[in-house]
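# Remarks on the overall topology
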Amino acid sequence: NFMLTQPHSVSESPGKTVTISCTRSSGSIASNYVQWYQQRPGSCPTTVIYEDHQRPSGVPDRFSGSIDSSSNSASLTISGLKTEDEADYYCQSYDSSNRWVFGGGTKLTVL
Amino acid sequence: EGQLVESGGGLVQPGGSLRLSCAASGFTFSSHWMTWIRQAPGKGLEWVANIKQDGTEKYYVDSVEGRFTISRDNAKKSLYLQMNSLRAEDTAVYYCTRGPVSGTGKGYWGQGTLVSVSS
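Residues numbered from 1 in each chain as written. Chains lettered and ligands numbered in written order. Predicted model: local features only at pLDDT ≥ 70, side-chain atom pairs only at ≥ 80, totals over all residues. Heavy atoms only, no water.

### Description of the pairing of strand β8 (residues 87–94) of chain A
Residues and elements named next belong to chain A.
- Within β8, seven of the eight residues are buried, which leaves the element mostly enclosed by the surrounding structure.
- Of the pairings in the sheet, the one linking strand β4 (residues 35–39) to β8 comprises five bridges and is antiparallel in character. Bridging from a neighbouring strand, Gln-39 pairs with Asp-88 of β8.
- Note: β8 against strand β10 (residues 106–110), three bridges, orientation antiparallel. Each residue of the ladder has a partner; that of Tyr-89, found in β10, is Thr-106.
- Relative to strand β9 (residues 100–102), β8 runs antiparallel, the two being bridged by three bridges. Across the sheet, Ser-93 pairs through a bridge with Val-101, a residue of β9.
- In sequence, β8 turns back onto β9 through a hairpin of five residues, with Asn-98 there showing a positive phi of about 70°. (Buried < 20%, exposed > 50% of the residue type's maximum accessible area, 1.4 Å probe, protein only. Helix = DSSP H or I, 4+ residues; strand = E, 2+ residues; numbered from the N terminus. Pairing = 2+ DSSP bridges.)

Right, here's the structure in full:
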């Protein structure tokens, strides 16, 4: 099976843009959709990006997702950072048998 | 609006058993794969198991294979996780989830139920 690797933490100032990467260890990143979840302290995760780059209704357009086959990675970009964006972010994809695979999570600090 | 409510967590001794339940409402439960995710204290998310709409396909993370059993009752709109031979490393908050669906991206997570395995 494959692994998804994320940076442990990132930090940026309010109003700036941050990008969180998610690198797939084997197989093509384009083989299976990538989702991104936001988890604030004490809360359950919520979906901010699905199917690589789609945004559920209610998620601000400051959140965007993409995949890059050359680096075999997915990225979550958050622009116009707000303090409320401070949270843990997880990427997730599927293997060939519909098993979910999560990245280790990235702690975003907005300071 | 869809909702998932878990129950059945608690403190259990190593080697013991627990059965988690998840009650679904507000969406067509029988039309969706359902999934259990867990999160150990201070750790990341870990997929545990999922089950096809009609229950004919079930998949498990290697660490629980043979010990946990996922099941569902579409008439009762309920998902279950039978956990046997529990270990300390199974200690976690267990979430019942319906993943985001194509077209809307709508997904649902329960509030989670804490399973603590300790003597």
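Structure's up, so let's keep going.
### Topic: the state of the cysteines
- Under the counting rule described, the total for this entry stands at two disulfides over all chains.
- Residue Cys-22 of chain A pairs covalently with Cys-91 of chain A via a disulfide, S to S 2.1 Å. Here Cys-22 of chain A and Cys-91 of chain A share a disulfide; its torsion about the S-S bond, 80°, makes the bridge right-handed. Of this pair, Cys-22 of chain A sits in strand β3 (residues 18–24) while Cys-91 of chain A sits in strand β8, placing them 69 residues apart in sequence. For the pair Cys-22 of chain A and Cys-91 of chain A, a shared accessibility class is recorded, and that class is buried.
- Each sulfur of the disulfide joining Cys-22 of chain B and Cys-96 of chain B lies 2.0 Å from the other. Looking along the S-S bond of the Cys-22 of chain B-Cys-96 of chain B disulfide, the torsion reads about -70°, which is the left-handed sense. Remark: Cys-96 of chain B occurs in strand β9 (residues 92–98) and Cys-22 of chain B occurs in strand β3 (residues 18–25); sequence separation between them is 74 residues. Judged on exposure class, the residue Cys-22 of chain B and its partner Cys-96 of chain B are both buried.
- No disulfide involves Cys-44 of chain A; its sulfur sits 11 Å from that of Cys-96 of chain B, the nearest cysteine. (Disulfide = S-S within 2.5 Å.)

### Describing the packing of aromatic side chains
- Across all of its chains, the model carries eight aromatic pairs over all chains by this definition.
- Here Tyr-37 of chain A and Trp-109 of chain B contribute two aromatic rings whose centre-to-centre distance is 5.5 Å and whose plane-to-plane angle is 75°, an arrangement assigned as edge-to-face. Of this pair, Tyr-37 of chain A sits in strand β4 while Trp-109 of chain B sits in strand β10 (residues 108–109), each in a different chain.
- When its relative accessible area of 12% is taken as the criterion, Trp-109 of chain B is described as buried.
- Seen in terms of ring centroids, Phe-27 of chain B and Tyr-108 of chain B are 5.2 Å apart; in terms of plane orientation they differ by 25°. Their pairing is stacked. Separated by 81 residues along the polypeptide, Phe-27 of chain B in the loop between β3 and β4 (34–39) and Tyr-108 of chain B in strand β10 bring together distant segments of the chain. (Phe/Tyr/Trp six-rings, centres within 6.5 Å; stacked < 30°, edge-to-face > 60°.)

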